[in-house]
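# Chain and residue survey
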Number of protein chains: 2
Amino acid sequence: MLKPKVRIAVDAMGGDYAPQEVIKGIVAACREDDEIEAILVGPEPALKNEVIRLDGESLPIHYLHTEECLREGEPPALAFRQKRHASIIIATSLVKSGDADAVVSAGPTGGVVTSAMMLLGTMAGIERPALGGPFIGFSPNTVLVDNGGNIDCKPYHLLNFATIGVVYAKTVLGIVNPRVALLSIGAEEGKGNSLVKEAYPLLKESGLNFIGNVEGNDLVEGRAEVVVCDGYIGNILLKFCEGMGLATANWIRNRLEGQLPANQVEEVYTQLIRLTNMADEGGGAPLLGINGIAMVMHGRSRAPQFVSVTAQVKRLVQSGFVASLAQELDQTKGGNNDRQ
Amino acid sequence: MLKPKVRIAVDAMGGDYAPQEVIKGIVAACREDDEIEAILVGPEPALKNEVIRLDGESLPIHYLHTEECLREGEPPALAFRQKRHASIIIATSLVKSGDADAVVSAGPTGGVVTSAMMLLGTMAGIERPALGGPFIGFSPNTVLVDNGGNIDCKPYHLLNFATIGVVYAKTVLGIVNPRVALLSIGAEEGKGNSLVKEAYPLLKESGLNFIGNVEGNDLVEGRAEVVVCDGYIGNILLKFCEGMGLATANWIRNRLEGQLPANQVEEVYTQLIRLTNMADEGGGAPLLGINGIAMVMHGRSRAPQFVSVTAQVKRLVQSGFVASLAQELDQTKGGNNDRQ
């Protein structure tokens, strides 16, 4: 039996290399996987020409015409009011109306997040959606939440992130009883900044499989499947990981030059980049905790990132992530319904 | 002309492998470098026997007898009042009295910090001393302050850390006009958590060579010589760096097995550990901003770490770090004398 197709609304005008690289990626994704269907949102004639140029006219790719888009640096809330026909807003509306299962965009992050929050809304029990997912290939089952969506968090936000992470680990990664930990500077309760210290009892009483604090090195060692932190540190860690991965890969390439055949050196380099730049490799991070699926991609995304992101979307859609999270929030203390 | 010796008071009872590994390291350091002189603080007969066993009786090693020491887990302030003859307190007193240039200890961090603050005191203009130094070999001239000493900081603490880092970069690393940056999640002013946003104007008006915010990857890329952050994130980054370095080194060792001769694989492994575990390799971090030099070492330090730490001490002493920092604090706005 054929599974229903995963319908992805694509902001074809979002990103530094839009629309060419967006379309190239989407065409490749639809060609590789016949469960993917795409709706390209942007200037229809230009988009269609590009698809035809890539011999993609027989693929399940549809169009929704608009000529407006958001620019980097525009205040997202203002743009949201003034540019109602912006590609990201129209693409997100397709998820709202049920005509698409997910929206993906490499446009300005603020625009993607604002559109998702305004049009789809956050789930009951969630105050702020989070960005999260596995981020280092040495520990591919460790989900870091939040990795940049929320700065200056309150303790109950960390509880939200934990719940989001647990449902992600269960549904997307297939982990039965994910261990949850707070990112801190020592294992003992009472270690950490005031945010961590105040979040500790909330997590302890949450009914989640909370194992206490973990430290920076534990992120790599797989001590927990869900590690929760403020988006300020999450984002810094993510970028540090990418930078260190790149520096290490460059170092190892120089170090092995002349000792191994060039193609083998290149293979080691590429594997190491893949292990340490997972967010780039995955194409982007899902915004978790909204009524729908929205993928936030780097502005510098190219075709391979659009291919990867559709694979992520498919996993999120087919695993039933959104419905599972709604259920978890409804049945446990993982939401903030109870907070004072 | 012979330089005056650098006199190091050593807490011979501090650390998981005290006193054997402490003494082994100190004996090796004095043997390698005739500018080092040590005063071992602990149970004199046992220490002396160990030095003799290592054929070190002709080295410039002195003893100060005590049998008391601090234990991991003791509240440091209480221990400080109740155990006046603890080895770390006596060793720090030697710096206070001018009989030693520095104190080094692998005992409980809280004990080392409390002893330094109570006996030596923080410098005028500094509210809280910081732990700092270069931490990743890919960018050996980037000093990260604070890397674990201060959790829940105020904006003017970050200004203090910047001043401390600048003087460290100038005196210890020999950098003429170190660039200073705040660790954040975007380059633009206004990006970051509330701490970073409030610290930004203070740094801008400090007279330091402030270049704005840098992101996680910039730590590896050497965008600034001094990167300032809260000790919570600094410590997490430091440990993440060590963990990721170890995971990468293990991965590369497995990856190259059978492709290169075993000794060459081992060499790559060791070099990578050295590049990514600088704090371990350096033996510890200096507590900066006190009237004197105190080195905080890992509890698990062994002889090689004690050798490395004496080299660090020597650089700090001979570069005149403490006097330079006093002068900088006196002449600039880098202290918190002006704060309301």
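Residues numbered from 1 in each chain as written. Chains lettered and ligands numbered in written order. Predicted model: local features only at pLDDT ≥ 70, side-chain atom pairs only at ≥ 80, totals over all residues. Heavy atoms only, no water.

### Focus: the pattern of salt bridges
For clarity, the threshold we go by: By definition here, a salt bridge exists when the distance from a side-chain nitrogen of Lys or Arg to a carboxyl oxygen of Asp or Glu is within 4 Å. A run of DSSP states H or I qualifies as a helix once it reaches four residues; a run of E qualifies as a strand once it reaches two. Both are numbered from the N-terminal end. Any residue under 20% of the maximum accessible area for its type is buried, any over 50% is exposed, and the rest in between are partly exposed; the area is computed with a 1.4 Å probe on protein chains only.
For the coordinates displayed, the defined rule picks out 30 salt bridges over all chains. For Glu267 of chain A, the salt bridge is made with Arg255 of chain B, and the minimal N-O distance between the two is 3.0 Å. Placement of Glu267 of chain A in helix H10 (residues 262-276) and of Arg255 of chain B in helix H9 (residues 231-256) is noted, with the two residues assigned to different chains. When its relative accessible area of 43% is taken as the criterion, Glu267 of chain A is described as partly exposed. Three or more residues joined by partner-sharing salt bridges are found here, namely Asp33, Glu35 and Lys314 of chain A.

### With respect to the sheet that holds strand S6 (residues 143-145) of chain B
Residue and element names in this part refer to chain B. Threshold: At least two DSSP bridges between two strands are needed for those strands to be called paired. Angles here are taken between N-to-C directions and fall from 0 to 180 degrees, while the axes themselves are lines fitted to C-alpha atoms, restricted in helices to the stretch in contact.
With respect to topology, 11 strands assemble into an open sheet ordered S3-S2-S1-S4-S11-S10-S5-S6-S9-S7-S8, the strand pairing being mixed. In the strand order of this sheet, the two ends are held by strand S3 (61-65) and strand S8 (210-214), each with one partner. Strand after strand, the sheet turns through a mean of 25° between neighbouring axes, direction not considered. Note that strand S2 (residues 36-42) and S3 share five bridges and pair parallel. Note on S3: the bridge partner recorded for Ile39 is His62.

### Structural notes on the relation of the copies chain B and chain A
The test is simple: The copies are overlaid by a least-squares fit using only the C-alpha atoms of residues whose pLDDT is at least 70 in both copies.
For these two chains of identical sequence, chain B goes onto chain A by a turn of 180° and a shift of 0.0 Å along the axis, with RMSD 0.0 Å. The operation mapping one copy onto its partner corresponds to a two-fold rotation axis.

### Remarks on the sheet that holds strand S9 (residues 226-228) of chain A
Through backbone hydrogen bonds, the strands of a sheet pair up, either in parallel or in antiparallel fashion. All names here are of chain A. Selection rule: The contact rule is simple, with two residues in contact once any of their heavy atoms fall within 4.5 Å.
Ordered by their spatial adjacency, 11 strands build an open sheet running S3-S2-S1-S4-S11-S10-S5-S6-S9-S7-S8, and the pairing between neighbours is mixed. The two strands at the open ends of the sheet, each matched to only one other strand, are strand S3 (61-65) and strand S8 (210-214). Ignoring which end each strand starts from, the neighbouring axes of this sheet average 25° apart. The sheet contacts of helix H6 (residues 155-171) involve strand S5 (130-134), strand S6 (143-145), strand S7 (180-183), S9 and strand S10 (284-288), and relative to S9 the element is tilted by about 160°.

### Concerning the interface of chain B and chain A
Rule in force here: Summed over both partners, the accessible area (1.4 Å probe) lost when two parts come together is defined as the buried area. In this count, Pro and Cys sit with the nonpolar residues alongside Ala, Val, Leu, Ile, Met, Phe, Trp and Tyr, while Asp, Glu, Lys and Arg are called charged and the others, Gly among them, polar.
Residue-level contacts link 43 residues of chain B with 43 residues of chain A. Buried surface at the junction of chain B and chain A, summed over both partners, amounts to about 4,000 Å²; 72% is from carbon and sulfur atoms. For the chain B face of the interface with chain A, the top three residues by lost area are Tyr232, Phe240 and Met244 of chain B, together amounting to 18%. The interface formed by chain B and chain A contains four salt bridges. Contributions of two or more residues to the side of chain B that touches chain A are made by helix H7 (194-204), helix H8 (218-221), H9 and helix H10 (262-276) of chain B. At 17 residues, the largest contribution of residues to the side of chain B that touches chain A is made by H9 of chain B. A class-by-class count of the residues in the side of chain B that touches chain A yields 24 nonpolar, 14 polar and five charged.

### Here we look at the pairing of strand S11 (residues 293-297) of chain A
Residues and elements named next belong to chain A. In terms of residue burial, S11 counts as a mostly covered element, since five of its five residues are buried. Here four bridges tie strand S4 (residues 102-105) to S11, and the two strands are oriented parallel to one another. Its bridge partner being in S11, Ala102 is matched across the sheet by Ile293. One ladder, built from four bridges, connects S10 with S11; its direction is antiparallel.

### Notes on the side chain of Asp230 of chain B
Residues and elements named next belong to chain B. Counted only if it meets this: Working convention for charge: Lys and Arg count positive, Asp and Glu count negative, and His plus the chain ends are omitted.
Within the fold, Asp230 resides in the loop between strand S9 (226-228) and H9. One buried charge, Asp230, has no salt-bridge partner; the nearest side chain with opposite charge is Arg128, at 7.8 Å. In this view, Asp230 contacts Asp146, Asn150, Ile151, Asp152, Cys153, Leu158 and Leu195; residues no more than four positions away in its chain are not counted.

### Structural notes on helix H7 (residues 194-204) of chain A
Because each turn of an α-helix spans 3.6 residues, side chains separated by three or four positions in sequence point in the same direction. We apply this condition: The arc in question is formed by the directions pointing from the helix axis toward the C-beta atoms.
Looking at H7 of chain A, one finds that the buried residues are Leu195, Val196, Ala199, Tyr200 and Leu203 of chain A. Looking straight down H7 of chain A, one finds that the buried residues subtend no more than 140° of arc, so they occupy a single side. Of the surrounding secondary structure, the elements contacted by the buried residues of H7 of chain A are H6, S7 and S8 of chain A together with H9 of chain B.

### Section: helix H2 (residues 44-53) of chain A
All names here are of chain A. Residues of H2 that are buried: Leu47, Glu50 and Val51. Buried residues of H2, viewed axially, fall in a sector of 100°; they line one side. Along H2, exposed side chains directed more than 90 degrees from the buried face belong to Pro45, Asn49 and Arg53. Elements that come into contact with the buried residues of H2 comprise helix H1 (20-32), strand S2 (36-42) and S3.

### Quick notes on the packing of aromatic side chains
We apply this condition: The aromatic pairing rule takes the rings of Phe, Tyr and Trp, using the six-membered ring of Trp, and pairs them if the centres are within 6.5 Å, calling planes under 30 degrees apart stacked, those over 60 edge-to-face and the rest tilted. Should the NZ of a Lys or the CZ of an Arg lie within 6 Å of a ring centre and within 35 degrees of the ring normal, that charge is described as sitting over the ring.
What the rule picks out here adds up to seven aromatic pairs over all chains. With a centroid separation of 5.0 Å and an interplanar angle of 80°, the aromatic rings of Tyr200 of chain B and Phe210 of chain B are classed as edge-to-face. A residue pair is termed long-range when its members are at least 10 positions apart, and Tyr200 of chain B in helix H7 and Phe210 of chain B in strand S8 qualify at 10 residues. On the accessibility criterion, Tyr200 of chain B (11% relative accessible area) is buried. One aromatic cluster is present, formed by Phe135 and Phe240 of chain A together with Phe135 and Phe240 of chain B through successive ring pairs. Above the ring of Tyr17 of chain A, the side-chain terminus of Arg302 of chain A is found at 3.7 Å from the ring centroid. The ring centre of Phe80 of chain B lies 4.7 Å from the NZ or CZ of Arg84 of chain B, which sits over that ring.

### As for the environment of Gly14 of chain A
All names here are of chain A. By secondary structure assignment, the location of Gly14 is in the loop between strand S1 (6-11) and H1. For the pair Gly14 and Ala86, spaced 72 residues apart in sequence, the C-alpha to C-alpha distance is 10.0 Å. Not counting residues up to four positions away in its chain, the partners in contact with Gly14 are Val22, Ala106, Gly107 and Phe306.

### Quick look at the packing of helix H4 (residues 87-96) of chain B against helix H5 (residues 109-120) of chain B
Residue and element names in this part refer to chain B. Put simply, the rule is: Each crossing is labelled by how the near helix is turned from the far one, with a counterclockwise turn of less than a right angle marking it left-handed and a clockwise turn marking it right-handed.
Look at H4 against H5: their axes get within 9 Å of each other, and the N-to-C directions meet at 35°. Relative to H5, H4 is oriented so that their crossing is right-handed. For the pair formed by H4 and H5, the contact residues are Ile88, Ile89, Thr92, Ser93, Val95 and Lys96 on the first element and Gly111, Val112, Ser115, Ala116, Leu119 and Leu120 on the second. Of the residues contributing to the contact of H4 with H5, the split by class is seven nonpolar, four polar and one charged.

### Focus: the side chain of Asn277 of chain A
All names here are of chain A. Our working rule: Between N or O atoms, a polar contact is any pair within 3.5 Å; within protein, one atom must be a potential hydrogen donor and the other a potential acceptor, and residues adjacent in sequence are included only when both atoms are from side chains.
Turning to its location among the elements, Asn277 is positioned in the loop between H10 and helix H11 (278-282). For Asn277, a relative accessible area of 9% translates into the label buried. Within the structure, the side chain of Asn277 is placed 3.1 Å from the side chain of Thr276, a separation counted as a polar contact. Discounting residues that sit within four places of it in the chain, Asn277 has contacts with Glu242 and Leu246.

### Notes on the pairing of strand S7 (residues 180-183) of chain B
All names here are of chain B. The cut-off we apply is this: Note on handedness: a crossover is taken as right-handed if, strands pointing away from the viewer, the path from the first strand over the helix to the second is clockwise.
Judged by which residues are buried, S7 turns out to be covered on both faces: Val180 and Leu182 on one side and Ala181 and Leu183 on the other are all buried. Note that S7 and S8 share four bridges and pair parallel. What sits directly across from Val180, in S8, is Phe210. As a crossover connection, the stretch from S7 through H7 into S8 is right-handed.

The analysis is restricted to geometry; functional conclusions fall outside its scope.
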